[in-house]
Amino acid sequence: MTRLLLQGGRLVDPASRHDGVADVLVDDGRVAEVGPGLDGTGAEVVDCGGLVVCPGLVDLHVHLREPGREDAETIETGSRAAALGGYTAVCPMPNTDPVADNAGVVEMVAARGREVGLVDVFPVGAVTLGQRGAELAELGAMARSAARVDCFSDDGLPIREARLLRLALEYTRAFDAVIADHAQDASLTDGAQMHEGEVSAMLGLAGWPAAAEEMVVARDLLLAELTGGRLHLCHVSTGGAVELVRAAKARGVRVTAEAAPHHFALTDEAARSYDPVFKVNPPLREKADVEAVRQGLADGTLDAIATDHAPHAREDKEVEWAAAPPGMLGLETALAVTLTELVEPGYLDLVTAVERLTAGPARCRRLPGHGGPVAPGAAANLAVFDPAAAWTVDRARLASRARNTPFHGRELRGRVVHTLLRGAFAVRDGRATR
Ligand SMILES: [Zn+2]
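Worth saying up front: this structure is predicted, and the values here are computed from it rather than measured. (Residues numbered from 1 in each chain as written. Predicted model: local features only at pLDDT ≥ 70, side-chain atom pairs only at ≥ 80, totals over all residues. Heavy atoms only, no water.)

A. Structural context of the sheet that holds strand S13 (residues 230-233). Across the sheet, five strands lie side by side as S9-S10-S13-S14-S15; this open sheet has parallel pairing. What marks the edges here is a single partner per strand, and that holds for strand S9 (151-153) and strand S15 (304-305). Bridging between strand S10 (residues 178-181) and S13 involves four bridges; their strand directions are parallel. Bridging from a neighbouring strand, valine 178 pairs with arginine 230 of S13. (Pairing = 2+ DSSP bridges. Helix = DSSP H or I, 4+ residues; strand = E, 2+ residues; numbered from the N terminus.)

Below, the structure written as structure tokens:
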């Protein structure tokens, strides 16, 4: 294995509270030394002057569509998109076909991820059999499998029955796993097309009230408190939900939460275009919600930025609004959207933003070798990016197999230059190596 010296970059490593110019020497897939002016004898020197070096990004929430919808994305194309986005770890949700509700499917997903080898793939297992919400899947068997699943979710759907969520939270305490819930009260969102508010009223589209998310968040928090289990809330999108999580954390509930870039960068105003690329679940909310999500990320109420990368085949997504499935791409734009929408306007400083993309999400799960610290002996899972580079998102140039990015045509700041997985380039000079 090669020896690499990442020279002269600004090392931002939230887990060790490091922020300053430092070299990183990588040897045999691991970080060998960190510090100023390291000796690069026998190492390939990679000039990182003017660039930020940080732990590889961690995405708690992606849909890679394999098995079942390989026309929309595969573990290979999704891994490539992830690496190009600076990620070294992604957690695919189980709503595939077949559903990842047993050891066989999660092991297949993990093995395929290893074969592709561009990022580490940590599959999420389903909470209920077939995600049908009727009976618990074999959580223990998935946890004990070669995939070592430590997070379960019926994402795409909420866990409707409180009794089942309680059982899952109780049962998974035995192996310290996390239950990640998609908070949505389906009885309030039946037929809903977008966020319920002024814009939905104007457009005449059926609305999805913030309460449909918040009442489930409240229920979930109460059950986490009751059971002592570990709860994670997916894609928190409303001000009320942020407030509920903040209050629960203050009283010691074991809860972590994530927000998606589109929920802090876009509002329901986008629906006026009737372009289904802006249709997503939960829906784009109002300005006050966007502001609350930004504040939640700033003060740590929301632990992580997670993309909810949801690729769709063109023939499915490029139809009229009402017929289109919800979901947006995110892996290749998340870092730049974060820098442009949160760091540049001053909501988060760069170190906090990097934390919410690396150490923050890593803390929500067990993801060995990810999230930092960048210290001697640690796996060399690293991202190197140019925080100042401006670029325009072009959906035709994405590595994802799908095209449904809501940021097409937007100028963003911040571009990934290199991504290293265990010391090997997955992305070099902005290009995937495989
Ligand atoms: Zn979801």
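B. Representation of the pattern of salt bridges in the model. Under the criterion given, the structure shown has 29 salt bridges. In this structure, glutamate 161 and arginine 163 form a salt bridge, with 2.8 Å as the shortest nitrogen-oxygen distance. The shortest N-O distance in the salt bridge between aspartate 220 and arginine 219 comes to 3.0 Å. A relative accessible area of 0% means that aspartate 220 is categorised as buried. Several salt bridges converge on common partners, so that one network encompasses Lys249, Asp303, Glu355, Arg356 and Arg363. (Salt bridge = Lys/Arg side-chain N within 4 Å of Asp/Glu carboxyl O. Buried < 20%, exposed > 50% of the residue type's maximum accessible area, 1.4 Å probe, protein only.)

C. Quick look at the sheet that holds strand S6 (residues 57-62). If you walk across this open sheet you meet the three strands as S6-S7-S8, and the pairing is parallel. At either margin of the open sheet sits one strand with a lone partner, and together these are S6 and strand S8 (120-121). Summarising the sheet, S6 and strand S7 (residues 87-92) pair through four bridges and their orientation is parallel. Within the sheet, the bridge partner assigned to aspartate 59 lies in S7 and is valine 90.

D. Representation of the coordination of the zinc ion in the model. Every protein donor of the zinc ion is listed here as Asp155 (OD), His182 (ND1) and His235 (NE2), and their distances to the metal cover 1.9 to 2.3 Å. Counting gaps between the donor residues of the zinc ion yields the pattern D-x26-H-x52-H. Of this pair, aspartate 155 sits in the loop between S9 and helix H4 (162-171) while histidine 182 sits in the loop between S10 and helix H5 (186-189), placing them 27 residues apart in sequence. As far as burial versus exposure is concerned, aspartate 155 and histidine 182 are alike and both buried. (Donors = N, O, S within 2.8 Å, 3.2 Å for Na, K, Ca; no water.)

E. The domain arrangement of the protein, seen in detail. What the domain assignment reports for the protein is domain 1 (3-53 + 378-432) and domain 2 (56-364). The C-alpha-based centres of domain 1 and domain 2 are spaced at 25 Å. Taken residue by residue, the interface counts 37 residues in domain 1 and 49 residues in domain 2. Approximately 3400 Å² of surface area, both sides summed, lies buried where domain 1 meets domain 2, with 68% of it carried by carbon and sulfur atoms. Of all residues in domain 1, Arg401, Asn404 and Pro406 give up the largest surface area on contact with domain 2, accounting jointly for 19% of the area buried on that side. (Domains from an automatic or database assignment. Contact = heavy atoms within 4.5 Å. Buried area = accessible area lost by both parts, 1.4 Å probe.)

F. Region of interest: helix H12 (residues 334-343). By the criterion of burial, H12 is predominantly enclosed, with nine of the ten residues buried. Of all the positions in H12, only Ala334, Leu335, Ala336, Val337, Thr338, Leu339, Thr340, Glu341 and Leu342 are classed as buried.

G. Local environment of the packing of H12 against helix H13 (residues 350-357). Interhelical geometry of H12 versus H13 gives an angle of 140° and a closest axis separation of 11 Å. It follows that H12 is oblique to H13 by the angle criterion. Crossing of H12 against H13: the hand is right-handed. Of H13, the residues touching H12 (which contributes Leu335, Thr338, Leu339 and Val343) are Leu350, Ala353 and Leu357. Partitioned by chemical class, the residues of the contact of H12 with H13 number six nonpolar, one polar and no charged. (Axes fitted to C-alpha atoms, helices over the stretch in contact; angles between N-to-C directions. Parallel < 35°, antiparallel > 145°, perpendicular 65-115°, else oblique. Left-handed = near helix turned anticlockwise from the far one by under 90°. Nonpolar A, V, L, I, M, F, W, Y, C, P; charged D, E, K, R; others polar.)

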